[in-house]
Amino acid sequence: MASLVRTAFRKDLFLGKVAIVTGGGTGIGRAITKELAELGCRVVIASRKRETLESAAAEINHTLSKDVGGAALPPLRVFPFQCNIRSEEQVEALMKYAVEKHGRIDYLVNNGGGQFMSPVSEISAKGWHAVIDTNLTGTFYCLKHAYHAWMKDHGGSIVNIIVDMVKGFPGMAHTGAARAGVENLTKSMALEWSPSKIRINCIAPGVIYSETAAANYPDPETFNRSLHIIPARRLGCPEEVSGAVCFLLSPAAAYITGCTIPVDGGQGIYRSPWVIQDHEGFPVELHSEVALPPKGEATEPGPSEFLFKALAELYKSKL
Ligand SMILES: CCC/C=C/C(=O)SCCNC(=O)CCNC(=O)[C@H](O)C(C)(C)COP(=O)([O-])OP(=O)([O-])OC[C@H]1O[C@@H](n2cnc3c(N)ncnc32)[C@H](O)[C@@H]1OP(=O)([O-])[O-]
Ligand SMILES: NC(=O)C1=CN([C@@H]2O[C@H](COP(=O)(O)OP(=O)(O)OC[C@H]3O[C@@H](n4cnc5c(N)ncnc54)[C@H](OP(=O)(O)O)[C@@H]3O)[C@@H](O)[C@H]2O)C=CC1
C-alpha cells in the first residue's frame with residue numbers, strides 16, 4: 001500500500017535519526033510524528049495515556065512507506081513510551097529509554113501540553129500550577145535530560161511548541177505566561193548550548209483544529225469562533241505545523257537558532273481575539289482639569305473595505 005503521509009521533503013531526510021515527540025499520539029504531535037517517521041526517522045512518542053500512544057504508534061506504523069528509493073525501511077518507526085512530563089523522574093527515564101533502545105536522540109519536539117479557559121481571577125492555585133508545571137517545567141525537564149542523556153556530547157535540534165502570546169493570552173493567561181517562559185528559555189538555551197552544536201527554536205501555532213484539541217473545550221464552536229481574527233480565514237491543520245517543525249529540525253535550518261516561527265495564517269500580526277466591552281474609561285487622575293476629547297461609541301469596526309469606501313465618499317463630498 002502506498003504511504004498516506006503527505007510531505008514536501010525528500011523521503012530520506014531523517015533516515016537513521018531518532019526523535020522524541022511529547023504528546024506525539026494526538027493532534028499536532030501525531031502529525032509531526034507521522035511526517036518524521038515517513039522521512040525515515042525513528043520516533044519515540046511520549047505522554048500520559050498509554051493506550052492512546054499504543055494505538056497511535058500502531059496506526060502510524062501501518063501507514064508509512066515501506067522503502068525509500070528501493071531500499072527497505074524499518075517497518076516499525078514509531079515507539080510509545082508512557083511519560084508525564086510533570087515528573088522529572090519519568091522524563092529522565094524517557095531519555096534513558098531513547099538512548100538505550102534507539103541509540104541516540106537527534107531531535108526533541110516539546111509539543112505535549114495544554115490548558116483550560118478561565119479568566120485569571122478565577123484560576124485556582126492548583127490549576128495555575130498544573131498549567132505551569134506542564135508547559136514550562138515539563139519543557140525544562142525534557143530539555144535538561146535530553147541534553148545530559150545525549151545532546152551535550154553529540155549535538156541535536158530542538159523545537160518547542162508554544163502559543164501565539166505576543167499580545168498576551170487573555171482567557172488562558174496561565175498558558176500565555178508559561179509559553180512566554182518557554183520562549184525566553186529557548187533563547188537562553190540557544191546561547192548556552194550553541195558550543196554543543198544544539199539548535200533550539202519555537203513554533204507558535206495559531207488556531208489548529210484537531211478532534212482531540214477541540215475535545216478539551218466544552219463549546220464545540222470554540223475554534224470556529226476565532227475565524228474573524230485569522231487573515232487566512234480558515235483554521236490551520238496539524239500537518240501545517242508539522243512541515244514547519246521538520247524544516248527547523250532539518251539541515252536546511254542549520255543557521256537558525258533561538259527564534260520563533262508563527263504558523264498561524266497571519267493571526268499574530270492581526271487582531272486580538274479579546275473583546276473589551278465599552279466602559280467608563282480609565283480614571284483621569286493627574287489631568288482631571290483638562291477637557292477630555294469627546295467620546296464616541298467603541299464599536300467593533302467592520303471589514304476594512306467598507307471603511308475605505310466610506311472614507312473615499314467623505315473625501316469626494318468635500319472636494
Ligand atoms: C482555542 C484555540 C487555541 C488552542 C490552544 C490549545 O492549546 S488546544 C490543545 C489543548 N489540549 C490540552 O489542553 C490537553 C492537555 N490539557 C490538560 O491536560 C489540562 O488542561 C491541564 C493542563 C490543566 C492538566 O490537567 P490535569 O487533569 O492533568 O490536572 P490536575 O488533575 O492536576 O488538575 C488540575 C487543576 O486544574 C484546574 N482545572 C483543570 N481543568 C479546569 C477547567 N476546565 N476549568 C477550571 N479549572 C480547571 C483545577 O483546579 C484542577 O484541579 P481540581 O479542581 O480538579 O482538583
Ligand atoms: N491546537 C491549537 O490550536 C494549538 C495548540 N497548541 C499547543 O500544541 C500542543 C499540541 O496540542 P494539540 O495537538 O492541538 O492538542 P492535543 O490535546 O491533541 O494534544 C496535547 C498533547 O499533550 C499531551 N500531554 C498533555 N499533558 C501532558 C503531560 N503532563 N505529560 C505528557 N504529555 C502531556 C497529551 O497526551 P496525554 O493526554 O496522553 O498526556 C496530548 O497528546 C499543545 O502544547 C498545545 O497547547 C498551541 C497553540 C494552538
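Not measured: the values here are computed from a predicted model.

Quick look at the packing of helix 1 (residues 27–38) against helix 7 (residues 238–249)
Phase 1 of the analysis: At their nearest, the axes of helix 1 and helix 7 sit 8 Å apart, and the two run at 50 degrees to each other. One way to sum up the angle between helix 1 and helix 7 is to call them oblique. Judged by the twist between their axes, the crossing of helix 1 over helix 7 is right-handed. Counting all contacts with helix 1, which are made through G27, I28, A31, I32, E35 and L36, the residues of helix 7 involved are P238, E239, V241, S242, G243, V245, C246 and L249.
Phase 2 of the analysis: When its residues are assigned to classes, the contact of helix 1 with helix 7 shows nine nonpolar, three polar and two charged.

Re helix 2 (residues 50–63)
Residue pairs spaced three or four apart in an α-helix point in one direction, given the helix's 3.6 residues per turn.
Phase 1 of the analysis: Taking 1.5 Å per residue, 14 residues should reach 20 Å; helix 2 reaches 20 Å between its end C-alpha atoms and fits that length.
Phase 2 of the analysis: L53, A56, A57, I60, N61 and T63 are the residues of helix 2 that are buried. Projected down its long axis, helix 2 carries its buried residues within an arc of 160 degrees, all on one side. Opposite its buried face, helix 2 presents the exposed residues E51 and H62, each directed more than 90 degrees away.
Phase 3 of the analysis: Looking at the buried side of helix 2, the elements it contacts are helix 1, strand 2 (42–47) and strand 5 (78–82).

Here we look at the pattern of salt bridges
Phase 1 of the analysis: Counted according to the given criterion, the structure contains nine salt bridges.
Phase 2 of the analysis: A salt bridge links D219 to R225, with the nearest nitrogen and oxygen atoms 2.7 Å apart.
Phase 3 of the analysis: By relative accessible area, R225 is classed as exposed at 51%.

Considerations on the sheet that holds strand 9 (residues 260–263)
Phase 1 of the analysis: Judged by pairing direction, the sheet is parallel, and its seven strands sit side by side in the order 5-2-1-6-7-8-9 without closing on themselves. Lying at the two open borders of the sheet, with one neighbouring strand each, are strand 5 and strand 9. Each neighbouring strand pair of the sheet contributes to a mean axis angle of 20 degrees, computed without reference to strand direction.
Phase 2 of the analysis: Across five bridges, strand 2 lies against strand 5 in parallel orientation. Each residue of the ladder has a partner; that of V43, found in strand 5, is V78.
Phase 3 of the analysis: Packed onto the sheet, helix 2 meets strand 2 and strand 5 and runs at close to 175 degrees relative to strand 5.

Looking at the site of ligand 2
Phase 1 of the analysis: In the vicinity of ligand 2, 28 residues are found, and the nearest of them are T26, S47, R48, I208 and T212.
Phase 2 of the analysis: Within the backbone of K49, a nitrogen or oxygen atom sits 3.0 Å from an oxygen atom of ligand 2.
Phase 3 of the analysis: Residue I85 places a main-chain N or O atom 3.0 Å away from a nitrogen atom belonging to ligand 2.
Phase 4 of the analysis: Notes on ligand 2: free accessible area 870 Å², of which the protein chains cover 91%.
Phase 5 of the analysis: Taken together, the residues of the shell around ligand 2 sort by class into 11 nonpolar, 14 polar and three charged.

Looking at the side chain of R199
Phase 1 of the analysis: When you line up the elements, R199 lands in strand 8 (residues 198–205).
Phase 2 of the analysis: Put simply, R199 is tucked away with no salt bridge, and the nearest opposite charge, on D106, sits 11 Å away.
Phase 3 of the analysis: Reaching out from R199, the side chain makes a polar contact with the side chain of S157 at a distance of 3.4 Å.
Phase 4 of the analysis: A distance of 3.4 Å separates a polar atom in the side chain of R199 from the backbone oxygen of L249.
Phase 5 of the analysis: Every residue in contact with R199, bar those within four places of it in the chain, is listed here: G156, S157, I158, L248, L249, S250, A253, A254, I256 and T257.

Topic: the pairing of strand 1 (residues 18–22)
Phase 1 of the analysis: Where burial is concerned, most of strand 1 is hidden: five out of the five residues are buried.
Phase 2 of the analysis: Of the two faces of strand 1, the one lined by V18, I20 and T22 and the one lined by A19 and V21 are each fully buried.
Phase 3 of the analysis: Of the pairings in the sheet, the one linking strand 1 to strand 2 comprises five bridges and is parallel in character. Looking across to strand 2, one finds that V18 is bridged to R42.
Phase 4 of the analysis: For the handedness criterion, the β-α-β arrangement of strand 1, helix 1 and strand 2 is classed as right-handed.

What counts as what
Residue numbering note: each chain is counted from 1, following its sequence as written. Numbering of ligands from 1 and lettering of chains from A proceed in the order in which they are written. Residues qualify for local features only when their pLDDT is at least 70, as the model is predicted, and side-chain atom pairs are given and counted only at 80 or more; totals for whole chains, interfaces and linings, by contrast, use all residues. The basis for every side-chain value is the complete set of non-hydrogen atoms in the structure, without hydrogens or water. With axes taken as lines fitted to C-alpha atoms, and helix axes fitted only over the stretch in contact, angles between N-to-C directions fall between 0 and 180 degrees. The secondary structure listing takes helices from DSSP runs of H or I that are at least 4 residues long and strands from runs of E that are at least 2 residues long, numbered from the N terminus. For classification purposes, an angle smaller than 35 degrees is called roughly parallel, one larger than 145 roughly antiparallel, one from 65 to 115 roughly perpendicular, and anything else oblique. Throughout, a crossing is termed right-handed when the near helix is turned clockwise from the far one, and left-handed when it is turned anticlockwise from it by less than a right angle. Here, two residues are considered to be in contact whenever any of their heavy atoms come within 4.5 Å of each other. Asp, Glu, Lys and Arg are counted as charged, while Ala, Val, Leu, Ile, Met, Phe, Trp, Tyr, Cys and Pro are counted as nonpolar; the rest, among them Gly, fall into the polar class. Multiplying 1.5 Å by the helix residue count minus one yields the expected span of that helix. Summary of the burial criterion: residues with accessible area below 20% of their type's maximum are buried, those above 50% are exposed, and those between are partly exposed, where the area comes from a 1.4 Å probe applied to protein chains only. By construction, the arc corresponds to the directions joining the helix axis to the C-beta atoms. Should a side-chain nitrogen of Lys or Arg be within 4 Å of a carboxyl oxygen of Asp or Glu, the pair is scored as a salt bridge. The pairing criterion is simple: DSSP has to find at least two bridges between the two strands. Distances are taken per atom, and a residue is near a molecule or strand as soon as one of its heavy atoms is within 4 Å of it. Whenever a nitrogen or oxygen atom comes within 3.5 Å of another N or O atom, the pair is scored as a polar contact, on the condition that within protein one atom can donate a hydrogen and the other can accept it, and that pairs from neighbouring residues in sequence are kept only if both atoms are in side chains. Surface accessibility follows the Shrake-Rupley procedure with a 1.4 Å probe radius. Residue values consider only the protein chains on display as shielding. Charge counting treats Lys and Arg as positive and Asp and Glu as negative, with His and both chain ends excluded. When the strands point away from the viewer and the connection leading from the first strand across the helix to the second strand turns clockwise, the crossover is called right-handed.

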